[in-house]
Amino acid sequence: MKNLDVAVVGAGVGGLTAAIAMRRLGNRVSVYEQSSGFSRVGADINLTPNAVRALDGLGGGVAEWIRANGGRPQFRLSRMWDTGEETSRIELGADAEQRYGSPQLTLHRADLMTALESELPDGVVELGKRLENIVDGPGGVRLRFSDGSEATAAVVIGADGIHSRVREALLGADSPEFTGIVAFRAVVPADRVGDLVNADCFIKWWGPDLSTQIVTFPLGLDEVFVFATVGQPEWTEESWSTPGSIAELQGLYADFHPDARALLDRCGDVLKSALYVRRPLPSWSGERAVLLGDACHPMTPFMAQGAGQACEDAVVLARCLSESDDPSSAFARYEAVRKPRTSEIQAKSRGNDWLRSAGNGDWVYAYDAWSVPVDA
Ligand code: FAD
């Protein structure tokens, strides 16, 4: 199918990738985003080679832009929290690029959003449009927004994240599950930590249990990102993200190896949030609406795959729609191709032992959403 009127709900990484891919394959696309603008909060995106490959295939200036602005960790190291022992080392950098055809890149989330948004002509993304409901009718799917406005489309892509209203319309209301894990995030200027051991590497410090870890890596061109998690029985904050403190970080990780603690000592502002997930859904689609990314398979961040899987979904969905005669058979193909992979990654990421000791990342990193077979 070509010349479809497609409505994408949500201008996150998955929604924008889907919009670009659907337009490149000959469709008319509108993106509806609830926020009134994009903010530059202290958030990273670690794009593994499979994610970069999905973005590379979008054409335009995305590939060049993310390479020009992305950090390139040289190795992925696993170290033990107390002894500092290195239990696995995977070459990233030039080696990953040669092996997988695309590099591993780390960016500010806002920079990635800018790169994607600039591929869409003005007017494609409509801000301040919070979807309330979708209703399937004879003239197409009607979308109703909280400002009272409406739109109609032949196909709706729900890329509206873990609280997806499209998912609710298709499958009914239910709440995501708190994992019992909270995460701290901090961005530190690189010149403040350049003297520390392995500051140019992606390092995962494995803690005494599988909830406790510290991850650090170069972010973009001149910063370092710190991401630390720990078990916490309850999350009672109203907000999903609140200010944390260095003192709290230092207290929680006081028994970690001095190399890990040294980085925490140099953090400035710290954000704290709770990690939520959902179990694999029974279905990702209805007759003319379909889900992608966190809307259908939110996962813990321990494999750095949430955004990457959303990008892969977007590409495979666009390919399935362009190669099928009707939306529901395209959705069935898309789900058949994508669900086994995303369910496996959801489960593996929840278990949090990915590459803890020597291991091979090929089954995740070598995936090419542009060439994976999508025929029936
Ligand atoms: P989202 O990014 O959540 O985007 C959804 C969009 O929909 C938002 O813009 C939202 O405002 C909009 N929206 C929601 N509801 C409505 C509505 N009703 N109407 C209109 N618009 C709506 N992934 C990685 O690949 N690498 C990483 O390094 C990584 N690190 C992470 C660290 C943390 C702490 C967390 C929590 C996640 C991390 N992830 C990472 C996961 C990643 O952020 C998500 O999986 C990814 O953002 C999902 O993209 P998405 O487009 O599906 O949804």
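Residues numbered from 1 in each chain as written. Predicted model: local features only at pLDDT ≥ 70, side-chain atom pairs only at ≥ 80, totals over all residues. Heavy atoms only, no water.

The protein chain is annotated in an unreviewed UniProt entry as FAD-dependent monooxygenase of Gordonia liuliyuniae.

Asker: Whenever I open this one, the nonpolar core confuses me. Can you help?
Answerer: Across soluble globular proteins, nonpolar side chains show a tendency to be buried alongside one another. Leu-55, Ile-66, Leu-116, Leu-143, Ile-157, Val-316 and Leu-321 are the most contacted members of the largest nonpolar core, which has 72 residues in total. If you tally residues by element for this core, the top one is helix 9 (residues 306–323), at nine residues. If you count residues domain by domain, this core takes at least three from each of domain 1 (5–36 + 128–175 + 279–359) and domain 2 (47–107 + 177–277). Residues in contact with Val-316, not counting those within four places in the same chain, are Tyr-334, Val-337, Arg-338, Tyr-367, Ala-369, Val-372 and Val-374. (Core = buried A, V, L, I, M, F, W, Y, C linked by side-chain atoms within 4.5 Å. Buried < 20%, exposed > 50% of the residue type's maximum accessible area, 1.4 Å probe, protein only. Helix = DSSP H or I, 4+ residues; strand = E, 2+ residues; numbered from the N terminus. Domains from an automatic or database assignment. Contact = heavy atoms within 4.5 Å.)

Asker: Explanation requested: the environment of Arg-338 in the structure shown.
Answerer: Within the secondary structure, Arg-338 sits in helix 10 (residues 327–351). Given the relative accessible area of 0%, Arg-338 is considered buried. Distance from Arg-338 to Gln-309, taken between C-alpha atoms, is 9.0 Å for residues 29 residues apart in sequence. Ignoring anything within four residues of it in the chain, the contact list for Arg-338 reads Trp-284, Gln-309, Glu-312, Asp-313, Val-316 and Tyr-367. Among the polar contacts made by the side chain of Arg-338, one reaches the side chain of Asp-313 at a distance of 2.7 Å. Polar side-chain contacts of Arg-338 include one of 3.0 Å to the side chain of Tyr-367. (Polar contact = N/O pair within 3.5 Å; in protein donor to acceptor, adjacent residues only side chain to side chain.)

Asker: Explain the packing of helix 2 (residues 49–56) against helix 3 (residues 62–69) to me, please; I cannot follow it from the model alone.
Answerer: Axis angle and axis distance: for two packed helices, these are the angle between their axes and the distance between the axes, and together they describe the pair. Orientation of helix 2 relative to helix 3, taken along the N-to-C sense of each, is 140°, at an axis distance of 8 Å. As summarised for this structure, helix 2 and helix 3 are arranged oblique, according to the angle between their axes. For the crossing formed where helix 2 meets helix 3, the hand is right-handed. Side by side, helix 2 and helix 3 meet where Val-52, Leu-55 and Asp-56 of the first sit next to Val-62, Ala-63, Ile-66 and Arg-67 of the second. Partitioned by chemical class, the residues of the contact of helix 2 with helix 3 number five nonpolar, no polar and two charged. (Axes fitted to C-alpha atoms, helices over the stretch in contact; angles between N-to-C directions. Parallel < 35°, antiparallel > 145°, perpendicular 65-115°, else oblique. Left-handed = near helix turned anticlockwise from the far one by under 90°. Nonpolar A, V, L, I, M, F, W, Y, C, P; charged D, E, K, R; others polar.)

Asker: Help me understand the site of the ligand in this model?
Answerer: In the vicinity of the ligand there are 31 residues, among which Gly-14, Glu-33, Arg-109, Leu-131 and Asp-294 approach most closely. With respect to the ligand, the side chain of Glu-33 contributes an N or O atom lying 2.6 Å from an oxygen atom. Within the side chain of Asp-294, an N or O atom sits 2.8 Å from an oxygen atom of the ligand. Across the complex, the protein chains shield 84% of the 1,000 Å² of accessible surface that the ligand would expose by itself. Among the secondary structure elements, those contributing two or more residues to the shell around the ligand are helix 1 (13–24), strand 3 (44–47) and helix 9. Considering every element that reaches the shell around the ligand, the biggest residue donor is helix 9, with four residues. (Near = heavy atom within 4 Å. Areas by Shrake-Rupley, 256 points an atom, 1.4 Å probe, with all protein chains shown as cover.)

Asker: Got a minute to help me understand the packing of aromatic side chains in this structure?
Answerer: Overall, the coordinates contain 10 aromatic pairs when judged by the stated rule. Arranged with centres 5.4 Å apart and planes meeting at 10°, the rings of Phe-202 and Phe-217 form a pair that is stacked. With Phe-202 in strand 13 (residues 202–206) and Phe-217 in strand 14 (residues 213–219), the pair connects residues that are 15 residues apart, well separated along the chain. The buried category is assigned to Phe-202, whose relative accessible area is 7%. Taken together, the ring pairs in this structure connect Tyr-100, Trp-354, Trp-363 and Tyr-365 into an aromatic cluster. Here the guanidinium or amino end of Lys-204 rests over the ring plane of Trp-206, the centre of that ring lying 4.3 Å away. (Phe/Tyr/Trp six-rings, centres within 6.5 Å; stacked < 30°, edge-to-face > 60°. Lys NZ or Arg CZ within 6 Å of the ring centre and 35° of its normal.)

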